[in-house]
Each structure stands twice: as structure tokens, then as C-alpha cells.
There are 2 protein chains.
Amino acid sequence: MEEKEEFTVTPWEVKGEIDYDELIVRFGTSRIDRKLMERIEKYGPLHPLLRRGIFYSQRDFNRILDEYEKGNPFYLYTGRGPSGKIHLGHLMPWIFTKYLQDIFDVHLYFQLTDDEKFLFKEDLSLEKAREYAYGNMLDIIALGFDPEKTHIFLDTESIEKLYPIAIKVAKKITFSTARAVFGFNNSNNIGTIFYTSMQAVPAFMVSEWTGKQVPCVIPCGIDQDPHFRVARDVAPGLGYPKPSLLHCKLFPSLSGGEKMSSSSPMSTIYTTDTPKEVKKKVGQAFTGGRVSVEEQRELGGNPDICAVYQYNYYLFEEDDEKLKKMREECLAGERLCGQCKMELTEKINRFLEGHQKRREEARKQIDNYIMR
Amino acid sequence: MEEKEEFTVTPWEVKGEIDYDELIVRFGTSRIDRKLMERIEKYGPLHPLLRRGIFYSQRDFNRILDEYEKGNPFYLYTGRGPSGKIHLGHLMPWIFTKYLQDIFDVHLYFQLTDDEKFLFKEDLSLEKAREYAYGNMLDIIALGFDPEKTHIFLDTESIEKLYPIAIKVAKKITFSTARAVFGFNNSNNIGTIFYTSMQAVPAFMVSEWTGKQVPCVIPCGIDQDPHFRVARDVAPGLGYPKPSLLHCKLFPSLSGGEKMSSSSPMSTIYTTDTPKEVKKKVGQAFTGGRVSVEEQRELGGNPDICAVYQYNYYLFEEDDEKLKKMREECLAGERLCGQCKMELTEKINRFLEGHQKRREEARKQIDNYIMR
């Protein structure tokens, strides 16, 4: 039997090399299989993030489609903990969320958890978390969500709507449960212990407000699943439908680690980076190249461990044929890292040029997106 | 050494016979001594609840008066957990709070903790807690607080103002601390663990809103002290002044127990009771009378264990001379329980007649008192 490295995945900590298949077992989720993809394909072409197994795990999405087909549409809910600037890893699930909004033509509630980040980050003030939230909102808007059907909110600003539901959720969750799911200990502050109630609220609020059973689908990183496992457990007791989930893998780091982390700026590309910064960061990225050009020509590179290839796989080469060709050329030693880095730099900068333009225009659009 | 019965006093549980002197030691508070009473007397005649040692314990009230004398006025903060109808025991500290508002001419913030009662009472819905809150508000207004300087609010309705401060408080309180102070265990729901942060907020909010160090005085039952001990501990780290406290003993039960409890209606007089109900309840009260009239005439009664005497002592005989005479007549066997019960029934009914009238008029005054 192969020995496996230990790894940890919680909403606040990712440690070790993640075995995503093992996570499906550990969390008790289901795989997004071929059959489910075929169901989705009825509404629009399959998104590369689905085809490539990056959105790979789910809870109850078949039930959601059953309901949708009966004329009972769901709404989408996703979120962001505003503790800094936005990088490409943050955008990935949101790009997928926009795809879902487009093909299903549904509402989206976008939660900015300024309270969470304030409570969990020792040195972050609430005022700073809110400032980040408004900056992050520009990136969200820049992705082009439907302004008629997208409702962005900060926890502290919409708390009047959220709190009555949050305490209903909190009443159903014991300290035992929170400790078991999130690994809390005695030194956790009492705000962090309460917080999961706030993250559950958007999954229930439309049902609460309308008095109807309105299904909710949450596209998110699989590290966020613990929150929604708890939310799903308490839903029936509160008379709400259990939220469905679509889980993605975590976006790779330029330095070859598992999750792009905001704490190492050189392995992260922010949406506000200049072309020069992108060039420098991609230039220093970890690749699957050999020690010398000669060796690489002879033996070929290794795309499977290459951050540059992963970037193409996750976000920057939507064309499966081109991606396949890139991989084959690399393996055959026909393509060197310099070329890949140059091409990726160009692709990222092309994307960022448009994004940054839309991000600036978003400053005037905030009012159209804020939840009322 | 005298053996003492064990007793417990927390905001949610009072068990055993309370030794109030021991509580001062246990909680680390100070006695309201003669010298402090003389300072208060400069602003108005001493309230019977002070003279008689019912408001008997304090934290930092001398500092508050120092500041007041330097022209830095404090504000008052008290509250109510709306889990049912109001009885006379609830009114007692509020009557004292009005006295303080009158002699010092200060603002009062009155918190109705609908979230607390919902979280701590298994069978209470949030909707019902809010309904109680609005009923309780009528009793508060009926006491005649200054509408220009009194600000009543429900936690869930004013949460937009309260929550940002609550999470600042929560960030400073570990689960360890909350467990040690309130006796929480693993089966407590995570809302109850967070809740003390909400009760701390009114002690800080005026300082937060004005950006100044505005002193706060909290008149309350001594069972509420644990909340404010925690609030005082976190205040300096948040840049707020520590709130001062004035603690009262718990109002006696008609059945002779320590605290008038809403769970035994016959030992409790509600503000909405009819004269007939009052007569019946007082008629069945526990007294210090003897088994027969003859024995009582011969040996005298015992006012110290008598609920009827306690009612006079706490609220219904403000005249010290009359109270003294009542006590002496009882001890001497010159006064029988029937007479005391009849007199008390009359006093309570006279009070309730006026209160109920003002309580009805209060329905039209809510707008003048709600916090904006």
C-alpha cells in the first residue's frame, strides 16, 4: 500500500499535498461525473473547468436540476473573505459562477465576509476589511455578472437582514459540532466560533424572505465545504432546503505549491499587477523543465508538475486541442520553458488589460450590484 | 465556623440561598458605602433602594462621580431579556434607573435582548421574543423616563449599529474565558457563546459613535455582573472606558424564595394582573406568621422571613418610619398577617392602577422612545 502524506483542508488552513479524491471520501461528497456533465450540457457548452475536472465534486446538484426542470429555479451563492487584493485563484470559481448564471439565467448572491476576516485575522481591523471588500467588489463586477440578477453585500452592512437568520442557525449548532468540524480550541475567540452561522445565512435567506423552498447552489473551493456541511445539517430543522454545492480544486501557485496564497506575492498574480510584474512573476515560476536546454531537448519536460502548464490548464488555454499540443510538445522536448512563459505572460496580460479596464468602470456600477 | 449552603448566581441561573456579602467577595465588587451615598445625596434625596441596601454593590461609581463633577457626564445603560411578561421584580432596577436619570439628568440606553432570549430558551421563537419585547417596552415607557433622553432598542432591530462593535468585543474574548465566566459546556449552542459580546455593546457604543471616552453606568441585578466583568476586561484593549456598575439584590418571591421567577405565576405579580389576581396572590403569600392567631399574638411574627414584609421593604413602603412601625408591631404580635396582606394588596393595586393606565398610553409613545 502506498504511504500517503497527511494533509489538512479547512476554510482557514490548507496544509500538505491535497489528495482530491481522498477529500471526496473524507467530506462525503459526490463526484461530478459524466452523467451529470451531460445534464449540464443541455443548457450550454461544458465549461473547461468542468471538462478538466477542476470543478470536480458536488452535493445534490442532480436534485437541483430536477427542480429546475420542473420550473423551480435555484439561485447561486458564493463569497469572498476580504483580507487583501484579488488574485487569479480567487477569480476562478467566480468565472465559473458567471458561467452558471449565464446558462441557467439565475440570481446570484455574493457575500463579502468582512466580519469573518476581521475575526480570524489578528492584525486586520474591521475598517480595513471593509476597505478590501469594496476593492474586491470591483473585481467581482468586472467579471460581467448580470446586474439585474446579482446582489453583492458586506456582512456588516447587511447585518439587519442576516442576523435574525444567523441566530436561528446558531441555535442549532453546538460548540461540540463547531469544534469537531472546524478544529476550534479554547483559545479561539467567541466571534470565530459563532461565525459559521453567518456563512450559512445566504444559503437560506431567499427561502426565509419568500416563505418558499427556494433551492440554492454554492460554487466554491472545496476548502469551504465544512461550513456548508454544517449548514446542510441544520437546514431541515429550520424548514429550509439543503443547499447544493459545486466544489473546485484550489488554484495552483506559481511556485508549485497547492494553493495560490496571498501571503507570498511572488507566487501570486493579482488582478492589479502591471504587465512588468506579471512578466517577472511568470519568469520566476516553477516549471517542469530540465537543468539544461540540451537535457530538455533530449528528455522532454514534465507538464504535470509545471505551474505554467497548470495555469494554462486551469484558466488560460480554453482550447483542449491547443492544450494537448502544448503538453505533447513539452513531453517531446520540442517546447522549452521560455516559450511557455512568454506565451503565458502574454495571455495573462491580455486578460488583465481587459479586466483592469472593466475594474475601473466598475467603480461607477457598484450601486447597480449592491443588495437592497 | 458557620456552614454555608452552596449557591450559584449567573445571568441564566440563580440556585440556592444567595449570600449577598459573599457575592461581593466572589465577584470582586465594592459595597455602596455611607461615603458614596453621601456623594449621591448631593444630587437628590437618597432613594429607599439605596438607604435600605437593596442597591448595595458597585464598580467604579466614585470615578463616574469624579468625572461628572468635572463636567463629563455619563450615560445609563440597562436592559431586559424579553422572554415573557413584566413583573414587579423587573421594575425595581428600572425604577432606580429612572431615579438616577432624574437626579443626574442623563441619557439612558435601554437594550431589549430578543436575540439572547431566543438563543437561550429552547422553545422560544425569535418572533415571540420580539413580540414580548414590544409588550415589555410599554412597561418601560410607563415608568416615565425622559423621552428626550431615553433610547430603547431591540438587538435584532438595531443590529446594524451594534454588530460592528459586538465583533470587536468578541475578538477579544476567548472560548476559555466565556466558559470560565458563564459555565458553558460542549452542548451550548454557538449563539449563546457569542452572545455576551452583544450585551457589552451598549456599554461602549456611545464612545464608539462619538469618538470620545463617554462613561457608562449600568444599574442591574447582581446576577448580570459576569457579562460586565468580561466587558470591563476587554474595554481598555478596545480604547473604551470601563463601564461602572450599580448592583441590586434580587427581588423576593411571594412564596419566600430568593428571586421572583416568571416560571411560577402564583409567586409573581405581573404588571398586567387584575386587582383580584393580586389579592389572591398576596393572600397566598408566604409570611412569618405563626400557626395560630393566639400564638402570633403571644410570640409575635417574623418579618425577616416574610414575603409581605419584604415587598414593603423593597418597593411598597417608602416611609422608613412606617416600615419600622410595621416591623415592630409584627414582632410584638400587635399586627397579624391578614392586615399586612390587605394593606399590601391595596398598595400594589394602587400602583398597578396607575401603571396600567400609563402602560396603555405608552402604546402611542413608542416612537418617542425608539433609538434612531
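Above this text you will find the structure in question.
The text that follows walks through the structure, step by step, so that each part is easy to find.

The rules behind each value
- Residues numbered from 1 in each chain as written.
- Chains lettered and ligands numbered in written order.
- Predicted model: local features only at pLDDT ≥ 70, side-chain atom pairs only at ≥ 80, totals over all residues.
- Heavy atoms only, no water.
- Buried < 20%, exposed > 50% of the residue type's maximum accessible area, 1.4 Å probe, protein only.
- Helix = DSSP H or I, 4+ residues; strand = E, 2+ residues; numbered from the N terminus.
- Arc of directions from axis to C-beta.
- Contact = heavy atoms within 4.5 Å.
- Salt bridge = Lys/Arg side-chain N within 4 Å of Asp/Glu carboxyl O.
- Least-squares fit on C-alpha atoms with pLDDT ≥ 70 in both.
- Core = buried A, V, L, I, M, F, W, Y, C linked by side-chain atoms within 4.5 Å.
- Buried area = accessible area lost by both parts, 1.4 Å probe.
- Polar contact = N/O pair within 3.5 Å; in protein donor to acceptor, adjacent residues only side chain to side chain.
- Nonpolar A, V, L, I, M, F, W, Y, C, P; charged D, E, K, R; others polar.

A separate point is helix α2 (residues 34-41) of chain A. Residues and elements named next belong to chain A. Residues L36, M37, R39 and I40 constitute the buried set of α2. One side of α2 carries all its buried residues, which in axial view fall inside an arc of 155°. Those residues of α2 that are buried lie in contact with α3 (48-51), β4 (55-59), α4 (61-69) and α5 (88-104).

Any two side chains of opposite charge can pair, so long as their charged atoms come close to each other. Residues and elements named next belong to chain A. Under the counting rule described, the total for this entry stands at 62 salt bridges over all chains. When the shortest N-O distance is used, the salt bridge between R34 and E41 registers 3.4 Å. Here E69 and R39 are joined by a salt bridge, their closest N and O atoms 3.1 Å apart. Highlighted residues: E69 in helix α4 and R39 in helix α2, separated in sequence by 30 residues. According to the relative accessible area criterion, E69 is partly exposed, its value standing at 40%. According to the relative accessible area criterion, R39 is buried, its value standing at 16%.

Attention now moves to the relation of the copies chain B and chain A. Note on the identical chains: chain B maps onto chain A by a rotation of 180° and an axial translation of 0.0 Å, with an RMSD of 0.0 Å. These values place the two chain copies in the arrangement generated by a two-fold rotation axis. Of the residues that chain B buries at the interface, 100% are likewise interface residues in chain A, meaning the two copies contact each other through the same surface.

Among the nonpolar cores identified, the biggest contains 86 residues, and F204 and M205 of chain A together with F204 and M205 of chain B are the most heavily contacted of them. If we ignore the near neighbours within four places in the chain, the residues touching F204 of chain A are Y75, I165, V169, A231, V234, A235, Y240, P241 and P243 of chain A.

Often, the extent of an interface is quoted as the loss of accessible area on bringing the components together. Contact residues are listed per partner, giving 37 residues for chain B and 37 residues for chain A. With both sides pooled, the region where chain B packs onto chain A buries about 3100 Å², and carbon together with sulfur makes up 67% of that total. A per-residue breakdown of the area chain B buries against chain A is headed by Y163, K171 and I190 of chain B, which together make up 26% of the total. One can count 2 salt bridges joining chain B with chain A. Across the pair K168 of chain B and E127 of chain A runs a salt bridge whose closest N-O atoms are separated by 2.8 Å. Run the count over chain B and chain A and you get 20 residue pairs in polar contact (both at pLDDT 80 or more). Taken together, the elements giving at least two residues each to the side of chain B that touches chain A come down to α6 (114-120), α7 (126-142), α8 (159-170), α9 (175-182) and α10 (190-210) of chain B. Taken together, the residues of the side of chain B that touches chain A break down into 16 nonpolar, 11 polar and 10 charged.

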